[in-house]
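Coordinate analysis (summary)
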Amino acid sequence: MGLFYYVHLFSMPLGFLLLAAGVVTVRYFRKMLWWFRLHKMLGVLATIFFGAGGIAAVLMVYAAGGDHFAVPHTWMGGAAIVLMIGTLMAGFAQTRVVNKKRMRLVHRSLGRTVAVLALGAVITGAMVAGIIPSP
């Protein structure tokens, strides 16, 4: 197990937890004055950690000489990273576009999709790593 494995193993679950914290912030703390700043910060940090974990995964597979996107874990993880970037962009675009309601809907839909994909990637990643026994 190399450095890239541990970077991936640390970054991706942390990104998922930050994403979940962003969802919890919107759901339960929206009446507080500070909720929006915290939500933005958690989204940016989640995207950074997802990106770092994804880069580490690509480098890890490259160093091992394996095939990229060969198992469902990689499909879900790759899609989650790309959609997380889209979620972040849609979130920041909400304040700059004319049709704010539509952009908010895009942001929410992407965020929910990322949460489901990331959870699936965490579970299948734990299966690939042997933490959870696979059927």
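Within any chain, residue numbers begin from 1 and follow the written order of that chain's sequence. Where local features are concerned, this predicted model is filtered to residues with pLDDT of at least 70; where side-chain atom pairs are given and counted, the filter is 80 or more; whole-chain, interface and lining totals use all residues. Only hydrogens and water are removed before side-chain values are computed, so all heavy atoms of the structure are retained for them.

Some words on a positive patch on the surface
Excluding any residue in a salt bridge, patches collect residues exceeding 30% relative accessible area, merging like charges within 9 Å and nonpolar Val, Leu, Ile, Met, Phe, Trp and Tyr side chains within 5 Å. For accessible areas, the Shrake-Rupley method is used with a probe of radius 1.4 Å. Any residue's cover is judged against the shown protein chains and nothing else. Take a side-chain nitrogen of Lys or Arg and a carboxyl oxygen of Asp or Glu: if they are within 4 Å of each other, that pair is a salt bridge. Counted as positive: Lys and Arg. Counted as negative: Asp and Glu, with His and the chain ends omitted from the count. In this description, the location of a charge corresponds to atom NZ of lysine, CZ of arginine, CG of aspartate or CD of glutamate. Taken together, Arg30, Lys100, Lys101, Arg104, Arg108 and Arg112 make up a surface patch of like positive charges. Counting from the N terminus, the helices are DSSP H or I runs at least four residues long and the strands are E runs at least two residues long. Topologically, Arg104 is positioned in helix H4 (residues 100-128). Exposure classes here rest on a 1.4 Å probe applied to the protein chains alone. A residue is buried below 20% of its type maximum, exposed above 50%, and partly exposed in between. What makes Arg104 partly exposed here is its relative accessible area of 31%.

Observations regarding the packing of helix H1 (residues 3-28) against helix H2 (residues 35-64)
Between H1 and H2, whose axes approach to 7 Å, the crossing angle comes to 155°. In terms of their interaxial angle, H1 and H2 are classed as roughly antiparallel. Every pair of crossing elements has a handedness; the one defined by H1 and H2 is left-handed. In this count, Pro and Cys sit with the nonpolar residues alongside Ala, Val, Leu, Ile, Met, Phe, Trp and Tyr, while Asp, Glu, Lys and Arg are called charged and the others, Gly among them, polar. Residue composition of the contact of H1 with H2, grouped by class: 23 nonpolar, eight polar and no charged. Where helices are involved, their axes are fitted lines through C-alpha atoms of the stretch in contact, as for all axes, and angles between N-to-C directions lie from 0 to 180°. An angle below 35 degrees is treated as roughly parallel, one above 145 as roughly antiparallel, one from 65 to 115 as roughly perpendicular, and anything else as oblique. Handedness of a crossing follows from how the near helix is turned relative to the far one, being left-handed for an anticlockwise turn of less than a right angle and right-handed for a clockwise one.

Quick word on the environment of Tyr5
With respect to the secondary-structure elements, Tyr5 resides in helix H1. C-alpha of Tyr5 to C-alpha of Val58: the two residues are 53 residues apart in sequence and 10.0 Å apart in space. Residues are treated as being in contact if the distance between any of their heavy atoms lies within 4.5 Å. With residues up to four places along the chain from it excluded, the contact list for Tyr5 reads Met60 and Ala129.

A short note on the packing of aromatic side chains
Think of it this way: a Phe, Tyr or Trp ring, Trp meaning its six-membered ring, pairs with another when their centres are within 6.5 Å, and the plane angle makes it stacked under 30 degrees, edge-to-face over 60, tilted otherwise. A complete count under the given rule lists four aromatic pairs for this structure. Each ring, one from Tyr5 and one from Tyr6, has its centre 5.3 Å from the other, and the planes form 80°; the classification is edge-to-face. Exposure remark for Tyr6: the relative accessible area of 47% places this residue in the partly exposed category. With a centroid separation of 5.5 Å and 40° between ring planes, the pair formed by Phe29 and Trp34 is classed as tilted.

What about H2?
Expected span of a helix: the number of residues minus one, times 1.5 Å. With 30 residues, H2 should reach 44 Å at 1.5 Å per residue; the first-to-last C-alpha distance of 43 Å fits that figure. Burial in H2 covers these residues: Trp35, His39, Leu42, Gly43, Ala46, Thr47, Phe50, Gly53, Gly54, Ala56 and Ala57. Next to the buried residues of H2 lie H1, helix H3 (72-93) and H4.

Treat this as a map of the structure, not an account of what it does.
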